[in-house]
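Chain and residue survey
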Amino acid sequence: MQTTFTAEQLADPLTARSNEILRTCVHCGFCTATCPTYKVLGDELDSPRGRIYLIKDMLENARVPDPKTVQHIDRCLSCLSCMTTCPSGVHYMHLVDHAREYIETHYRRPLPDRVLRWLLAKILPYPGRFRLALRGAKLGRPLRRLMPDPRLRAMLDMAPRSVPPPSLNDRPQVFPAQGPRRKRVALLTGCAQRALNTDINDATVRLLRRHGCDVVIPRGMGCCGALTHHMGRTGESHAFAAANIRAVMAEVNGDGLDALVINTSGCGTTVKDYGPMFAGGPLEADAARVARLAKDITEVMADLGLTDATHAPPLRVGYHAACSLQHGQGIKAAPKELLADAGFTVLEPRDSHICCGSAGTYNLMQPAISAELKARKVATLEATKPQVISAGNIGCMMQIGSGTGVPVVHTAELLDWATGGPRPKALHGLA
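About the cut-offs
- Residues numbered from 1 in each chain as written.
- Predicted model: local features only at pLDDT ≥ 70, side-chain atom pairs only at ≥ 80, totals over all residues.
- Heavy atoms only, no water.
- Helix = DSSP H or I, 4+ residues; strand = E, 2+ residues; numbered from the N terminus.
- Rg over C-alpha atoms; globule rule 2.2 N^0.38 Å.
- Buried < 20%, exposed > 50% of the residue type's maximum accessible area, 1.4 Å probe, protein only.
- Areas by Shrake-Rupley, 256 points an atom, 1.4 Å probe, with all protein chains shown as cover.
- Lys, Arg positive; Asp, Glu negative; His and termini not counted.
- Charge placed at Lys NZ, Arg CZ, Asp CG, Glu CD.
- Pairing = 2+ DSSP bridges.
- Axes fitted to C-alpha atoms, helices over the stretch in contact; angles between N-to-C directions.
- Disulfide = S-S within 2.5 Å.
- Polar contact = N/O pair within 3.5 Å; in protein donor to acceptor, adjacent residues only side chain to side chain.
- Contact = heavy atoms within 4.5 Å.
- Parallel < 35°, antiparallel > 145°, perpendicular 65-115°, else oblique.
- Left-handed = near helix turned anticlockwise from the far one by under 90°.
- Nonpolar A, V, L, I, M, F, W, Y, C, P; charged D, E, K, R; others polar.
- Core = buried A, V, L, I, M, F, W, Y, C linked by side-chain atoms within 4.5 Å.

Attention now moves to the overall build of the chain. Along the backbone of the chain there are 24 helices and nine strands. A globule of 431 residues ought to have a C-alpha radius of gyration of about 22 Å, and the chain, at 21 Å, matches this closely. Dimensions of the chain along its principal axes, counting C-alpha atoms only, are 60 × 50 × 40 Å. Going through the 431 residues of the chain one by one, you find that 58% of them count as buried. Element-wise, carbon and sulfur atoms account for 54% of the exposed surface of the chain, whose accessible area totals about 17,800 Å². Side chains of the chain carry 51 positive and 39 negative charges; the gap between the two charge centres is 6 Å.

As structure tokens, then:
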């Protein structure tokens, strides 16, 4: 794609990077075949190719974003399916991230949008605040029909029936390996996950310890920055990321780390991109080091290998491939192979490459499109006749779980159970 940025514009590193990405695109349109929003809406401007044209026009002309452009960029899930499909290697993720930041800086949204986005940015990344908000949402659920904004109704719908108490395992500490130590790893405990489902981190710690890992919960670690990053709130997202980089590097420079284990794939995609996020700044080297250390829990377990995976029955497991895992990180085989090694029958749904509609805050900001994608995903998963559905991302688990009666658990919970851990709570009613 030909571009016409001026030399002055290209002096900005973000614009220079976007120029490189735009010039990689050859307009082939392969991305439209795998774009969830294009499949739902059928609008070229709601496809990656259409959005690329909009972003190019907005950035090249340095213009104030118009409502039409903002609407189509906002409708993007950032699922990155287009990056898996693209034969030219267009790095759409960096391009749309730049567009979101540009919109956040140059576009004044309507007041309800500004308030909603501010609330999400000030609540979701903070487990304590989020836990209080979830309890408040439970109280407000009877008033759901009176809510004028469908996004507010979506927030009430997202709240689980019960909110777990904080897990003591999420506090800064070191869990020693059981038996000879094979690795020393840090665990990113996350933010929203700590409020929504504490069983995931607990299972991850048990699983890693059982397989010879010292597990460190670093002091000063929190939200990875993904939630605010994808809202274009760069200052806030970089502050979260910087705190994590410093926390992890304190351990690296202390007793050392073999990996930073991440069990929420949306976080993993962001942490693995810390290097480019901090390029040219004082944290560049440390950010790149942390990004190299970052590993999904299934990457680490594939390296370690499962031990004595004989404790769970051979259930039929419908495997949901989170977009951030399969497209964002390119991890496709490891989760399925580990589940099979653990004795489960792994079932893959049709169109497994298509997003479930969760996508961070997307199901709260774009509830109609998200609901349609959820219905399609649930239908394809239920068609496999699973006894349980497994996923590697808390957002996907909440999204799918709200649309099906089949229990939904994290992959790490099933692996923990199979290797000697407790039966996942969600499966207590399963025969």
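Our focus in this paragraph is the sheet that holds strand 2 (residues 183-188). In spatial order, the strands read 1-3-2-4-5; together these five strands make up an open sheet with mixed pairing. Whereas interior strands pair on both sides, the edge strands pair on one side only; in this sheet they are strand 1 (173-175) and strand 5 (294-296). Strand-to-strand, the axes of this sheet are offset by a mean angle of 35°, without reference to chain direction. Here strand 2 runs beside strand 3 (residues 213-217); their pairing, made up of four bridges, is parallel. Residue pairing for strand 3: Val185 is matched across the bridge by Val215.

Our next topic: the state of the cysteines. A full pass over the atoms with the stated rule returns zero disulfides. Cys267 provides the cysteine sulfur closest to Cys213, a residue in no disulfide bond, and the two sulfurs are 20 Å apart. According to the relative accessible area criterion, Cys213 is buried, its value standing at 0%. The thiol sulfur of Cys356 is not disulfide-bonded, and the nearest other cysteine sulfur, from Cys396, lies at 4.0 Å.

Inspection of the secondary structure puts Arg100 in helix 7 (residues 92-106). One polar contact links the side chain of Arg100 to the main-chain carbonyl oxygen of Cys76, over a distance of 3.1 Å. Leave out the neighbours within four places in its chain, and Arg100 touches Ile73, Asp74, Cys76, Leu77, Ser78, His230 and Gly232.

The subject of this paragraph is the environment of Met397. You can see Met397 is positioned in helix 23 (residues 394-401). Distance in space between the C-alpha atoms of Met397 and Cys356 is 9.6 Å, their sequence separation being 41 residues. Setting aside anything within four residues of it in sequence, one finds Met397 in contact with Asn197, Ile200, Ala391, Val408, Val409, His410 and Glu413.

All right, on to the packing of helix 2 (residues 13-24) against helix 7 then. It is the contact of helix 2 with helix 7, at a shortest axis distance of 9 Å, that shows an interaxial angle of 135°. Here helix 2 lies oblique to helix 7, going by the angle between them. The chirality of how helix 2 crosses helix 7 is left-handed. For the pair formed by helix 2 and helix 7, the contact residues are Leu14, Thr15, Arg17, Ser18, Ile21 and Leu22 on the first element and His94, Leu95, His98 and Glu101 on the second. In the contact of helix 2 with helix 7, the residues fall into four nonpolar, four polar and two charged.

Ranked by size, the top nonpolar core spans 69 residues in total, and within it Leu208, Val215, Phe344 and Leu414 carry the most contacts. Setting aside its immediate chain neighbours within four residues, Val215 contacts Gln173, Val174, Phe175, Val185, Leu187, Val205, Leu208 and Arg209. One finds Cys224, Met249, Phe278 and Leu283 within the second-largest nonpolar core, a separate group that totals 27 residues.

Moving on: the environment of Ser358. Looking at the secondary structure, you find Ser358 in the loop between strand 7 (345-347) and helix 21 (362-365). Classification of Ser358 by relative accessible area gives buried; the value is 2%. Linking Ser358 and Arg145, residues 213 residues apart in sequence, is a C-alpha distance of 22 Å. In contact with Ser358, not counting residues within four places along its chain, are Asn363, Ser370, Gly395, Cys396 and Gln399.

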